[in-house]
Amino acid sequence: MSTTCIGCGSEIAAERADLGYTYCTAPACQAAYRRGPTVTAVAVNKSGDAFRVAEPDEIAARAAAGEFATKNTGLGTVPETVPHVPAPRRPRATRPTRQARPSWTPAQEKIVRLYAEMGLSPRQIVERARQNTPRLAVTEALAVRILSSPRR
């Protein structure tokens, strides 16, 4: 099968005509009629894009079918114009400020901080406090809370 080039009229090779080309390999005809594949970047997420290599018509058809749309929104490739209506502002509820009181006594705080300054761990503080001041009932959780709080 022999065909002529649509650009210059010269004969196209049989292999080329069988593949569906209608123009020859002359540089002028290539520049005028060649349509190469299009590389399209499709946004996947914040960290990267997926690249698709296809003919422009195929990319347009796939985009119109919603293949490249965000999957979790149901939106297509055509942006929808929705008027922006600001939400009404609600006044903040004001709470009365009150000083939070610690759940320990000044004596408990004094003994825990004293033993902590001696370099004892919370577990060691509890053991020493049970031996020397059992009436204060210092627990390991209480010692950690006292040491984690600012001094009063």
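Throughout what follows, the structure given in this document is the object of discussion. The model shown is predicted, which means the values in this text are computed figures rather than measured ones.

### Looking at the side chain of Gln 108
Part 1 of the reasoning: Note on placement: Gln 108 falls in helix α4 (residues 106–117).
Part 2 of the reasoning: Leaving out residues up to four positions away in the same chain, Gln 108 has contacts with Leu 136, Ala 137, Val 138, Leu 142 and Ile 146.

### Section: a nonpolar patch on the surface
Part 1 of the reasoning: Together, Val 39, Phe 51 and Val 53 line one region of the surface with nonpolar side chains, adding up to about 340 Å² of accessible area.
Part 2 of the reasoning: Within the secondary structure layout, Val 53 lies in strand β4 (residues 48–54).
Part 3 of the reasoning: Of the residues examined, Val 53 reaches a relative accessible area of 59% and is grouped as exposed.

### Let's talk about the pattern of salt bridges
For side chains of opposite charge, pairing can occur when their charged atoms come near one another.
Part 1 of the reasoning: Applying the stated rule across the entire model yields three salt bridges.
Part 2 of the reasoning: Ionic pairing is found between Arg 113 and Glu 109, a salt bridge with its closest N-O pair at 3.0 Å. In this pair, Arg 113 and Glu 109 both sit in helix α4, four residues apart, roughly one turn of the helix. Each member of the pair, Arg 113 together with Glu 109, is buried.
Part 3 of the reasoning: Residue Arg 151 pairs with Glu 117 through a salt bridge whose shortest N-O separation is 2.9 Å. Of this pair, Arg 151 sits in the segment after α6 (140–148) while Glu 117 sits in helix α4, and the two are 34 residues apart along the sequence. Assigned by exposure class, Arg 151 and Glu 117 land together as exposed.

So, how was this worked out
- Residue indices begin from 1 for each chain and proceed along its sequence in written order.
- In keeping with the predicted nature of the model, local features appear solely for residues at pLDDT of at least 70, side-chain atom pairs appear and are counted solely at 80 or more, and the whole-chain, interface and lining totals rest on all residues.
- As a convention, hydrogens and water are excluded, and side-chain values are obtained from all of the structure's heavy atoms.
- Each helix is a run of DSSP H or I of at least 4 residues and each strand a run of E of at least 2, with the numbering of both proceeding from the N terminus.
- Between two residues, a contact is recorded if the distance between any of their heavy atoms is within 4.5 Å.
- Only residues whose relative accessible area exceeds 30% and that form no salt bridge enter a patch; like-charged residues are grouped when within 9 Å of one another, and nonpolar side chains (Val, Leu, Ile, Met, Phe, Trp, Tyr) when within 5 Å.
- Each accessible area is a Shrake-Rupley estimate made with a 1.4 Å probe; only the visible protein chains count as cover when residues are assessed.
- Salt bridge, as used here, is a side-chain nitrogen of Lys or Arg placed within 4 Å of a carboxyl oxygen of Asp or Glu.
- Accessibility here uses a 1.4 Å probe with only protein chains present; expressed as a share of the type maximum, an area under 20% marks a residue as buried, one over 50% as exposed, and anything in between as partly exposed.

These results come straight from atomic positions and should not be treated as a statement about function.
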